[in-house]
Every structure is written in C-alpha cells, then in structure tokens.
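The primary structure of each chain is shown beneath.
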Amino acid sequence: MSQKPYHDIPGTILFDAEQSRAGFHLNQFCMSLMKADNRAAFKADERGYLDQWPMTEAQKQSVLRRDWNGMLALGGNIYFTSKIAATDGLSFQQIAAIMSGVTQPEYAAMMLAGGRSIEGNRYK
Amino acid sequence: MARITAGVATSHVPAIGAALDNGKSGEDYWKPLFAGYEYSKDWIAREKPDVIILVYNDHASAFSLELIPTFAIGCAESFNPADEGWGPRPVPVVEGHPGLAWHLAESLILDEFDMTIVNRMDVDHGLTVPLSLMFGQPDAWPCKIIPLAVNVVQYPPPTGHRCFNLGKAIARAVASYPEDLKVVVFGTGGMSHQLQGPRAGLINKQFDNAFMDQLISDPKAQSGVSHLDYVREAGSEGIELVMWLIMRGALSDKVCVKHRFYHVPASNTAVGHLILESEG
C-alpha cells in the first residue's frame with residue numbers, strides 16, 4: 001500500500017483510489033442487495049451468490065464471516081457494506097459497535113455521553 | 001428576477017428520518033433534536049421559498065461505483081424517494097424545477113463548473129431528511145426542489161474552496177434567471193461523525209462549533225481548511241461538511257444568523273443546524 005498523509009489517522013480507512021480499485025466487485029455485490037430478490041437469493045445461498053461476483057477469496061470470506069473491518073480493509077466502503085447489515089437486519093449502530101470492538105449497549109452509551117472523544121484519536 | 005434570500009444548513013442523519021417515519025419523534029431520545037427545529041419550521045413557513053436548491057450527497061443509492069459524479073444537478077420534473085434497502089421513505093415525491101435547474105446547469109458550465117446533468121434519479125435520506133426536518137410531514141412538499149448531489153463517498157470529494165466558489169457561481173446563475181423566484185439554498189450533511197472502523201462514533205464538538213463560527217464570519221478562511229483536517233478532526237464522514245460551504249458561498253459576504261442549533265447524538269452523528277439570511 002502506498003503511503004498517504006491520512007494513513008496516520010487511527011482506526012480509519014479512507015475510501016481512496018487504491019481502496020476503490022481493490023473493492024469494486026465487493027462493493028458492486030453489496031449494491032446488488034438493494035433489490036429484494038437479490039437479498040433473498042443471497043440469504044438462500046451466500047457462497048453461491050458470492051461466487052457470481054469476481055471477488056477475491058479473501059473478500060468472499062470477509063463477507064461470509066461478517067468481518068466488517070476486514071471488508072473495509074479489502075476495499076469495501078461503509079455505505080456499501082452496510083447494505084449487507086441491512087440484509088441481516090442489523091442497524092448502522094450495531095455494526096459500528098462491532099467495528100469498534102464493543103457491545104451495542106456500550107456503544108450507544110458512549111454516543112449518549114457525547115461520542116468517542118477526539119482526544120487521543122487524531123494520530124496513530 | 002430570481003434571488004437567493006437565505007441558506008439553511010443541517011445534518012441529514014438517516015435515523016432522524018426513521019424516527020419521524022416510525023412515530024418516534026416524541027421519545028425522550030429524539031425530543032431535544034426535534035425541538036431544535038421548531039423555530040425552523042415557523043421560519044420556513046414565513047419565508048415561503050419558491051425553490052430550494054438542495055445540496056446533499058447520495059449514499060450509494062442512486063450512484064454505485066459505476067458512475068461517480070463530483071457535482072450532479074437534477075434537472076428532472078420529479079424525483080422519487082429511493083429504496084435504501086428497507087423500502088422508500090413514506091415521504092412525498094420531490095417536484096423539481098427543470099427551468100431553473102437547466103438554467104443553472106448551462107450557467108454553471110459556462111462559468112467553468114462542469115456539472116453532470118441528471119434527468120432520472122432517486123433521492124435518498126441525504127435529500128429527504130432535511131426536508132422532513134424543515135417541513136415536518138406534509139402531504140406534498142410546499143415548494144420545488146433542485147437536487148445538487150456532491151460526491152463525498154469516493155475520496156477525494158471536491159475541496160472546500162471549490163465548493164465555496166461553486167456557491168458563488170450558483171448565486172450568479174440564479175441572479176440571471178428572469179423569472180421572479182425566491183430561492184433558498186440548503187447545505188446538508190455533517191457534522192462530526194465516523195461510521196466506519198475502530199474509530200466509529202467519533203464526535204468533536206469543539207471542531208463543529210468552530211466550523212460554524214467561521215462559516216458564518218469568515219467563510220473564505222473556512223474554505224481553505226484541508227480534507228486532512230476534516231477527516232482527522234471530524235471523522236471520515238465529517239468531510240461532508242464541505243457541502244455547507246456551497247450554501248455559504250451562495251449567500252452575501254455578511255449574513256444574519258436567524259437560528260443556530262447543535263445536538264449530540266443522533267445515532268452516530270453530531271447534528272448541526274443554521275439558518276442564515278443574506279444581507280444587502
């Protein structure tokens with residue numbers, strides 16, 4: 001991965017050219033879940049549905065395991081991968097909790113208390 | 001002649017739309033948020049714009065990765081609420097203003113802002129949540145709406161400086177439209193928030209309030225703030241704030257602050273809201 005000025009921001013992957021190129025098919029698969037028929041087909045046979053897309057095996061595994069951070073690392077964009085969450089009946093806040101390694105009630109409590117502090121979260 | 005009288009800035013958090021659509025706006029969690037828009041509903045009922053130019057971003061609803069326009073202007077007669085995966089929001093169809101929209105497209109392109117012209121597009125929560133916050137739940141939106149979609153999903157979005165200057169070009173274009181129309185510009189999105197990765201949930205009240213201060217008093221200086229600063233300080237999705245600069249650029253240098261509101265949280269996000277009237 002080439003070095004960019006924003007790579008020193010902790011816990012953050014910007015969806016830049018490099019990520020977008022790597023994640024094109026993963027994200028387009030996610031986009032297909034906008035249609036109810038496709039959501040049903042995916043739920044009925046996840047592996048079979050994923051095999052219709054020219055994604056890497058690592059990308060497919062990240063989807064099958066619902067490894068939300070892994071999908072982002074492999075080129076997924078959160079607005080696209082959240083469509084998998086919607087298919088699963090998960091809210092944005094539920095996957096935000098998973099991605100940041102806490103339970104949903106812990107995450108919700110953090111947000112009610114003013115959110116994750118910027119202090120200590122600017123630089124790696 | 002058409003004229004821009006005021007600007008409205010507001011976050012466009014999808015959960016706000018869901019709260020309204022599911023009858024939860026009276027719950028303790030949501031009450032303080034909606035209370036911050038009570039003045040705004042009265043204000044816009046008095047202001048009675050003929051047209052809103054609504055600056056927002058699509059969230060992988062109308063645009064996938066197949067086509068990623070940096071600036072897109074909706075020139076259609078109408079725009080349907082998008083199905084974002086759980087059915088379209090139960091809100092009215094958005095009626096466009098093709099006359100002014102096409103005039104804007106022509107004027108902006110000749111003014112060296114190369115707009116993408118869109119004749120068919122569904123509009124997602126980025127556009128409909130601000131309308132719900134300002135107008136509540138009417139049977140029909142009370143004015144025409146021109147969607148102006150800005151890419152903030154694929155990095156990099158347009159710079160703050162470019163957005164600010166686009167706002168100025170919009171003001172010039174509106175002023176050259178012969179029909180007598182009152183136009184209000186909405187800049188939406190933000191404030192600080194991050195939806196992805198281990199830093200999800202980031203909120204920066206100090207940055208958000210300094211942003212609002214400087215957007216009001218010295219927007220030119222604010223337009224020089226780099227993407228890196230937005231992303232580092234306001235989160236990977238906080239960079240949506242560049243869209244507020246389009247609204248601000250469309251107003252006079254000096255503005256009158258009619259309303260200012262800030263609230264944390266709405267789901268994962270800090271909510272900011274301004275109503276600014278042009279002076280002179």
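Reading the values: rules and limits
Residues numbered from 1 in each chain as written. Chains lettered and ligands numbered in written order. Predicted model: local features only at pLDDT ≥ 70, side-chain atom pairs only at ≥ 80, totals over all residues. Heavy atoms only, no water. Helix = DSSP H or I, 4+ residues; strand = E, 2+ residues; numbered from the N terminus. Rg over C-alpha atoms; globule rule 2.2 N^0.38 Å. Buried < 20%, exposed > 50% of the residue type's maximum accessible area, 1.4 Å probe, protein only. Contact = heavy atoms within 4.5 Å. Lys, Arg positive; Asp, Glu negative; His and termini not counted. Charge placed at Lys NZ, Arg CZ, Asp CG, Glu CD. Pairing = 2+ DSSP bridges. Phe/Tyr/Trp six-rings, centres within 6.5 Å; stacked < 30°, edge-to-face > 60°. Arc of directions from axis to C-beta.

Student: Before we go on, may I ask you to explain the overall build of chain B in this structure?
Tutor: Counting secondary structure elements, chain B contains 10 helices and 10 strands. What you see for chain B is a C-alpha radius of gyration of 17 Å, in line with the 19 Å of a compact globule of 280 residues. In terms of overall dimensions, chain B has C-alpha extents of about 45 × 40 × 40 Å along its principal axes. Considering chain B as a whole, with its 280 residues, one finds that 65% of them fall into the buried category. For chain B, long-range pairs separated by at least 24 residues make up 81% of all intrachain contacts whose partners lie at least 6 apart in sequence. On chain B, the mean spot of the 21 positive side-chain charges and the mean spot of the 32 negative ones are 6 Å from each other.

Student: Teacher, can you tell me more about the pairing of strand 7 (residues 144–150) of chain B here?
Tutor: Regular strands show a simple pattern: their side chains alternate between the two faces of the sheet. All names here are of chain B. Extensive coverage of strand 7 is indicated by the burial of 6 of its 7 residues. Two strands pair when backbone bridges link them, and strand 3 (residues 71–74) and strand 7 are joined in this way by 3 bridges, in the antiparallel orientation. Counted as the bridge partner of Ala72 is Ala149 from strand 7.

Student: Could you clarify how one ought to interpret the packing of aromatic side chains in this entry?
Tutor: Both the distance between ring centres and the angle between the ring planes are used here to describe each pair of aromatic rings. According to the stated counting rule, one finds 12 aromatic pairs over all chains in the structure shown. When the ring of Phe211 of chain B is compared with that of Trp244 of chain B, the centres are 5.6 Å apart and the planes differ by 70°; the resulting orientation is edge-to-face. Of this pair, Phe211 of chain B sits in helix 7 (residues 205–217) while Trp244 of chain B sits in helix 10 (residues 242–249); the two residues are 33 residues apart in sequence, bridging distant segments of the chain. Overall, Trp244 of chain B belongs to the buried group, its relative accessible area being 0%. Three or more aromatic residues joined by ring pairs make a cluster, and in this case those are Phe29, Phe42, Tyr49 and Trp53 of chain A.

Student: Looking at this structure, I do not really get helix 3 (residues 38–47) of chain B. What am I missing?
Tutor: Side chains three or four residues apart in an α-helix point the same way, a direct result of the helix having 3.6 residues per turn. All names here are of chain B. For helix 3, every residue scored as buried is listed here: Ser40, Trp43, Ile44 and Glu47. Mapping the buried residues of helix 3 onto a view down its axis gives an arc of 90°, with all of them on the same face. At its buried positions, helix 3 is contacted by strand 1 (3–10), helix 5 (125–135), strand 8 (182–188), strand 9 (255–266) and strand 10 (269–278). Once helix 3 ends, the next one or two residues include Lys48, with phi positive near 45°.

Student: Hey, could you run me through the pairing of strand 10 of chain B in this one?
Tutor: Residue and element names in this part refer to chain B. Most of strand 10 is tucked away: 8 of the 10 residues are buried. Pairing of strand 1 with strand 10 involves 5 bridges; the strand directions are antiparallel. Following the sheet pairing, Val8 is matched in strand 10 by Ile275. Pairing of strand 9 with strand 10, which is carried by 9 bridges, proceeds in the antiparallel orientation. In the sheet register, Arg260 faces strand 10, and the bridge partner there is Leu274. Turn length for the strand 9-strand 10 hairpin, with the two strands adjacent in sequence and antiparallel, is 2 residues, and the turn residue Ser267 shows positive phi of about 55°.

So, to be careful, I would describe these as geometric facts and stop short of saying anything about function.
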